[in-house]
Structure formats: C-alpha cells, structure tokens
Amino acid sequence: MDGVSLEIAPGDRLALVGENGAGKSSLMNVLYGLYQPDRGTISADGRPVRLRSPKDAIALGIGMVHQHFMLVPSLTVAENVVLGREPTRRGLLDLDRACAEVEQTCRRFGFGLEVRTRIESLTVGSQQKVEIVKALHRGAKTLILDEPTAVLTPQESDELFKVARELSSAGHAVVLISHKLKEVLSFATRVAVMRRGKKVAEVPAEKTTPEELAALTVGSELSRETNGARGPKKPGAPVLELERATCRTADGRKALLEVTLSVREGEVVGIAGVDGNGQQELAELVTGLRPLEGGKLRLCAEEVRRLDPSLARRMGVAHVPEDRLLWAVVGPMSVEENISLGRQHLPPFSHGGLVDSRGRRQRACSLIRDFDIRPPDPQAALSRLSGGNQQKVVVSRELDCAPRLLVVVQPTRGLDVASVALVHRRLAKERERGCGVLLVSLDLDEVLALSDRIYVLYGGRVTGELERASFDERRIGRLMLGAEEATFA
Amino acid sequence: MRERLIRGALPSVLSVAAALLLCFAAIAVVAASAKVALDAYLAMVWGGLGDLPRFLDGAGVAVLARPWGEAATKAGLLALTGLSVAVAFKAGLFNIGAQGQMILGAIAAAFLGAQLELPALVHPLLCISGAAVAGGLYGLLPAALKLRRGVHEVISTIMLNWIAVSLVENWLVVGPLRARASGDLSISGTDEIAATAQLPRLLGETSRLHAGFLVAVAAAVLLHLWLSRTRLGFETRAVGLAPEAARASGIPVHGRIYQAMALSGALAGMAGALLVLGTEHKFPATIGAPYGFDGIAIALIGQNHPLGVLATALLFGALRAGGTRMQLFGVHKSFPELIQGLALLFVAGRMVWDHLLALSKRKRPAEEAPRA
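Each chain carries its own residue numbering, running from 1 in the direction its sequence is written. Following the order in which they are written, the chains are lettered starting with A and the ligands numbered starting with 1. Residues qualify for local features only when their pLDDT is at least 70, as the model is predicted, and side-chain atom pairs are given and counted only at 80 or more; totals for whole chains, interfaces and linings, by contrast, use all residues. Calculation of side-chain values draws on the structure's entire complement of heavy atoms; hydrogens and water are dropped beforehand.

With that settled, consider the sheet that holds strand β1 (residues 13-18) of chain A. Residue and element names in this part refer to chain A. Each pair of strands is called paired provided DSSP finds at least two bridges between the two strands. In DSSP terms, a helix is any run of H or I states spanning at least four residues, a strand is any run of E spanning at least two, and both are numbered starting from the N terminus. The six strands lie next to each other as β4-β7-β8-β1-β9-β10, forming an open sheet whose pairing is mixed. On the outer flanks of this sheet lie β4 (62-65) and β10 (198-204), each paired with one strand and no other. In this sheet, adjacent strand axes meet at a mean angle of 20° when their direction is disregarded. Summarising the sheet, β1 and strand β8 (residues 173-177) pair through four bridges and their orientation is parallel. Note on β8: the bridge partner recorded for Leu 16 is Ile 177. Between two residues, a contact is recorded if the distance between any of their heavy atoms is within 4.5 Å. Think of each axis as a best-fit line through the C-alpha atoms, taken over the contacting stretch in the case of a helix, with angles from 0 to 180 degrees between the N-to-C directions. Contacting β4 and β7 (142-146), helix α5 (residues 124-137) crosses the sheet at an angle of about 165° to β4. Helix α6 (residues 154-169) rests against β1, β7 and β8 of the sheet, and its axis sits at about 145° to β8.

And the structure:
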C-alpha cells in the first residue's frame, strides 16, 4: 500500500473496491490498528492519533465486521457481544445485566435479535447482525464491513444494506469493502478504487457506472467479460442422474428429500437456493463425501451404490468445494503439493510409488501460468496465498483432471473481478469440451449467467426446474423461499 | 530451500541453547562458582564426544571410543523412539505409547535371541524384525480403538503402556520366560540371548558402540525419504495436516493412520531390540529407562522431522552419556535430562517465538502491501 489518503465523515457511506491484493484489506487493517503505517498519519476528529492495536481503534469508535465472523458458536448472542468487556458483579460475570445491555443496544439500532439464543443456531445473516451489534455495542461510530454479502442471500443482503443505511442516517459512517459493483453503487455515496496498493480514483456513486468502476479496478484491461460467447449446444448423454435421492446432514437431519435431477454432457446445471436448503449436501453426495440413504445415483449411466471420494475421482468427478480450507487444500503444504492432491498416485505426479518432483513442478508451473496464480512460486506454502489465489489453485487443479462431471460450489466467492471472469471463462470452456457442470452458488446472478438449466432447492426438495429460455429471477426467488408450488419445465 | 531449512530449525536450536545457558547459570549459582559450572560442562562434553584433551596427551584411542559408544548407544535408542513419536505425529496422532511398544519389542527380541539358533548376521536381523512386528502390532491397537470406537489415542496409549509393563515385566519375565537358574544362583530377567544374536561391536571391546546405532541412523534417513519422496509418505502427511481434505481427494485416511501407527510401533519396538541385543543381552528384570517417553521430547525438539529427530537424539545421547561425568564436580547427573526438559518447554513455547518473530517483521518496512 502506497501513499493512500482517505477521509471519512460522520454519515458517510464509502465503498472501497479493487482486485484481490489491491490493498483494501491492508488499508482497513491500518485503520483498525492491526498494521502500523510506515509513513503518513491517521487523524481522528482533527487530532493525529496512533493506533497500536484494535483496542485503540475501538476506543476511537472504529468497528470492524470481518469477512470471517469472530464469534464463539456455543455462546449466546449476548455473551458474544460482551465478550472481552463483560459486566461483572463482585468479580463474577453478570449475565442478566449483559443481556439487558445488549437488548438495549439491539433496540436502539433496530435489530430484532433474541439475545439469549446460541450463535450456532442462527443463520449466517443473523450472525453478521451480531457482529454489527458487537461493534455498535462498543461505541463504534465508524463501521467497516469487509465483504459482508459474500455469504448472504439476496434477501439478507438487502436487509443488511437497509440496516447500514439507517445507521448512516443516524450519523454513523459506514465503509463497505466489496467486489460486487452492483451493491456498491446502490449503497455507497462515494466509491474509492484501489489498484496495486494505490488509490486510483474516488468518485461520487451517482456519477459512475459499473463498467467504469470495473475498468478502473483492473486498469487498462477491459471490464468483466460476459460469457455471451456461449454457443447454443445440444447436451449429450447424462453424466449424473439422481433418482429420488435422500441423505442426511452431519447431525442426522434430513438434508435431501427424494431429489431427482440430472446433468448431461456439455451443460451447466445451476442449483439455486437459500443457504442451508440442501445444496451443500447435494454436492457432498455426488462427490462421495456423504452416503446416499435412499434412491439411486448414476454416474455416466452406471449405477453406483457406495460412492466414496476415491471412486468418484476415478469415475471422472471433480470437485471445487465451498470450504476449500477444510475440503480442498492442505494449508501448510506447498502449492505444487496441493496441485498434486487427488492425483498424487498418477503421472506426472508420481511413478511407481515415488513422487516425481520434476513432473510435479512442471505441471504446477504451467497451471500457475494459466491461472495467473500469485505469487508464481510452486514451493510457496499454500496458506501464504490470498484467498482468491488459493481458490485459483483449487479450480486449476480440478479442471486439469479433465473431468466428466465437475461439481463447483461457490466457485467465485471472494474473488476479484478479473479472477471471476477467468473462472467463468474456464467453466464455459469445460462445458464446450463436453463436461457436465453442476454449479451450486448462493450468488443468483452467477447461477443465472452461467446455467443452461436451473433446479431450485428449498427444504431439501427440488421446487422447480427451469430451462434457460424461461429464466425468471422473480419466479426463482419465490421458489427459493418456498412461496410457490413446485413446477417443472 | 536451504533458507527454509535453517528457519525451520531455528526455534529448536535457540531452545536448546537457552536450556544449556539456563542450566549453566543454575549450576553456577548453586555452586557459587562459574568455574565449577564450566568444569562440569566440559566434563559433560568430553564425556559425550570423546575426551579430546586426554587423547591429545597421548592417552590412546579408548578415551575417545568409550564415550562414543555410550553416546551412540543412547542416541540410537532416543532416535528410534523419537522417530516413532514423530511418524505418528505426521499422521496426526499423538503416540504416548512408545514405551509400551518398546517393551513389547524388547521381549520379542529377547525371546527370539534366546530361543533360535541362527548364523551371526541373520540372527540379530531376525530379532529386530520380530521386535518391529511386535511393536507394530501393539501400535495398531490404539489406531483401531480410535478409528472404530473413537477412543482418543493419548488415553489408550497411556493405558497400553501399563498393560505392556504388567504383561511383560510382571508376568512373562518373572513367569514363563524367566531365566533358568544355574546352580543355586537366582538370575533376574530372561535368559541371555545367544552370542549370534548380539549386535556386533564396531570399535572393539573397549567401546560399546554397536551396529544398532547404524540401524537407527538408517531408520531416520529412510523415514525422511519415505515421507518426502514417496506417494504414501505424501498421503500420510496430508492425512495428518488436513484429514478432511485428504478424504475428499480420495486418500484412504483410515488406511494411512493404521499404517503410520504400525510404523510408529515398529520403530519403538526396534528401540527395544537394540536395548536387548546391543546393551543388556537379555530382557532385564525391568526396563528402568523411560526411553519411550524421552522419545516424545526428542520428537518435539526435532520438530517431527526425521533428520531433526536424529540430530536431537545425537545431541542428547552425547549430553546424557557425558552427564554422568558431571558428578565428579558435585553436579547431579540428571542435568542432561533437565536440559532436555527445558528445551522441550522452550520449543513448546514456540508460539512465543513466532509472536516475537512476527513483531520484528511487522516493524520492517512495507513488505505487507499486497494482501487481499
């Protein structure tokens, strides 16, 4: 980050946009006391200040809502909010007072939260509200939201922005970090664009367009490429068929109820739905991570009774999971080792039980080049890469398997504009090649843009199936919320 | 590559250095004399690495060879138990059971060594193999309990240690395998092993340096190559670091855990064989020395890297062999163990190191720029 100036006034709604690694998070971390500036100053209310730690930032009324929530799942809302500054009575935690105080804060800012519920039983959207309440409870006047909608449904996002707007009209300043230009423009009054550690522009929101912002974030390159290049293509034989398939969640609840669907060669099938309606389990089911409890599963017309991840891979199923740190990569291992994962027993990654380090290096380097993975070092520990680049490692590896069925869940979450375009382009290429793609995404725009066909999941059931010609955002929205009877195209 | 190696080893080296300094200071304070501490330390060094000053005075090779033998014997045992703990760690398990697996290996080696009649080179190899199998099977038990019944391996291996002691020392050694009394002399422990089963001495009779040391060194090198160069080693590391990701990529996680625990038990069992075939020449009434537990410290100080474990074992083997010489200066011989314990404590305090390193890095200018 280099020579960036920024001014935030009470009531401001400022958005910060830029690619992965453009310095947005660094800038905000300076503001939140996590990093120290090498040069330059920070002033609050006209007086220069030094922020040595988040504690100093909080004392100045700066609150941050991180992309990954910092909540303790087994504690209640109230306990999480007061964590670190618990009210005590004679040295003992005074839980009643904590609840009363948090309730008061919720009321004051119009949050309808039940303060005695445990975090783990809340939806992602509500958890985020808890994070905001936490910041407000500590007296935050400036609220930093780091990619707040990455995990939210459209409805939840709308509600978040409503709340944020109300806060700003009550005199709070809100800083929004986001990749989604649409929401940036609808929410912010000012937009600051970062590129390669510099602030390249600061424009009033009403005077700019998504195209202009996209062009500014990536520099000379053109903005988000549409995937209009998709040829109308006749899909081939089915690669995946589910017939009245049923399975359970990890804690034993029914996750999928008699789901029947199919994916054919050369088509992208999107799964739309509000988070937690069985998409996760569907992806795990067809990749062999979760057992089938009822119904039938066929891969390439062959019925599979007991699918495990190894068999799934041998049958040509590749998987880009949602939680890559849990399911897809080994953080402490190098990029090249991670690229070999899943095919470590095959050439060019090994021969006769011995690791072929030269073959592995070559393949890793070519994927690093193709996908512009940064830093371009095959030996770097994967955990040192930014989230977007980790995702590129996973996507490049899975596509390199030349799969017959590609299961992708939230493939572009947290990626910048250029990387999103790259991933979308590669998915389209897989489709052209004749691969069947099962796309699960909470970003409805993404599902609409890429899919040939969409199934809507609600409560573990398929509530609708739509062909591309009959895509209708409103209708899908109603199906996602279970507000319309199941209909099939 | 080299830089990464140095940076990886740094916390261990610093920890050992800090432990050495602290103990030095402790001796100096208690004895109220830095001279005593220095003398004691020198005695420890010459006692472990060979008495170089006396050798230069023309005292003969024995003053070098004898300490080498003591140091190498101890180092070999520490290396094998350390590797045992380390390989389990690589698969994500905390094997506290090296002591029990070692006892099983020792009794197997003692039994095979006494009962079989085989030519010289084959006999010890067979005994070591038998010990590895016994230890390996014993290591499979906690793995099976964990994978089938969800019993945490720390609990089960601690209990299995006591079962091993009871089974071997309180039953076999005083019962079915008790040494046949010769005349009216009652002998403790099992029968002496056959001369063919004894590990050959490498430096003649004055030094107890035996071929078992080479077994330990070979084990460390082979384990390193296995972990870093083979597919199974890679898969084992993946299982240890991220079991869910390993499962999702088609690696048989349970298979790798069984395999790693069998290997872990086998290495500890080989340590038992070395003790019997190289030093004791029978299973004594009791295996007093807790080499299996020392293995935990050696593995952690060596950061579970086979070569790091070997280096750590060599260092502490030498310090312990030399430690007995400290008594000449009124310093208790358990100081090497104290040094080992302190070094372990400092390595375990690695989070503190990391924090300090991170702090010094944060003060360095503008390298933080691009991070999403």
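Both faces of the sheet carry side chains from a regular strand, because those side chains alternate between them. Residue and element names in this part refer to chain A. Sheet topology places strand β9 (residues 190-195) next to β10; six bridges connect them, and they run antiparallel. Across the sheet, Met 194 pairs through a bridge with Lys 199, a residue of β10. Here β9 hands over to β10 after two residues, with Arg 196 in that stretch at a positive phi of 45°.

A word on the interface of chain B and chain A. Contact residues are listed per partner, giving 27 residues for chain B and 34 residues for chain A. Its salt-bridge partner being B:Arg237, residue A:Glu337 comes within 2.9 Å of it at the nearest N-O pair. Any pair of N or O atoms that falls within 3.5 Å is considered a polar contact. Within protein, one atom must be able to donate a hydrogen and the other to accept it, and sequence-neighbouring residues count only if both atoms are side-chain atoms. Seen at the junction of chain B and chain A, the total is seven residue pairs in polar contact (both at pLDDT 80 or more). The set of elements that each furnish at least two residues to the side of chain B that touches chain A consists of α9 (231-241) and α10 (243-248) of chain B. With six residues, the top contributor of residues to the side of chain B that touches chain A is α9(B). Asp, Glu, Lys and Arg are counted as charged, while Ala, Val, Leu, Ile, Met, Phe, Trp, Tyr, Cys and Pro are counted as nonpolar; the rest, among them Gly, fall into the polar class. The class makeup of the residues in the side of chain B that touches chain A is 13 nonpolar, three polar and eleven charged. What counts as a salt bridge is simple: a side-chain nitrogen of Lys or Arg found within 4 Å of a carboxyl oxygen of Asp or Glu.

We define a nonpolar core as any set of buried Ala, Val, Leu, Ile, Met, Phe, Trp, Tyr and Cys residues linked to one another through side-chain atoms lying within 4.5 Å. Each residue is placed in one exposure class: buried if its accessible area under a 1.4 Å probe, protein chains only, is under 20% of its type's maximum, exposed if it is over 50%, and partly exposed if it falls in between. Formed by 77 residues in total, the largest nonpolar core has its most connected members in B:Leu277, B:Phe283 and B:Phe316. Counting residues per element, this core draws most heavily on helix α11 (residues 253-280) of chain B, at ten residues. Setting aside residues up to four positions removed in sequence, B:Leu277 forms contacts with B:Ala109, B:Pro124, B:Cys127, B:Ile128, B:Ile193, B:Ala197, B:Gln198 and B:Leu199. Grouped together as the second largest cluster of nonpolar side chains are 45 residues, A:Val133, A:Ala135, A:Val203 and A:Ala205 included.

Spatial relationships are all this shows, so hold off on functional conclusions.
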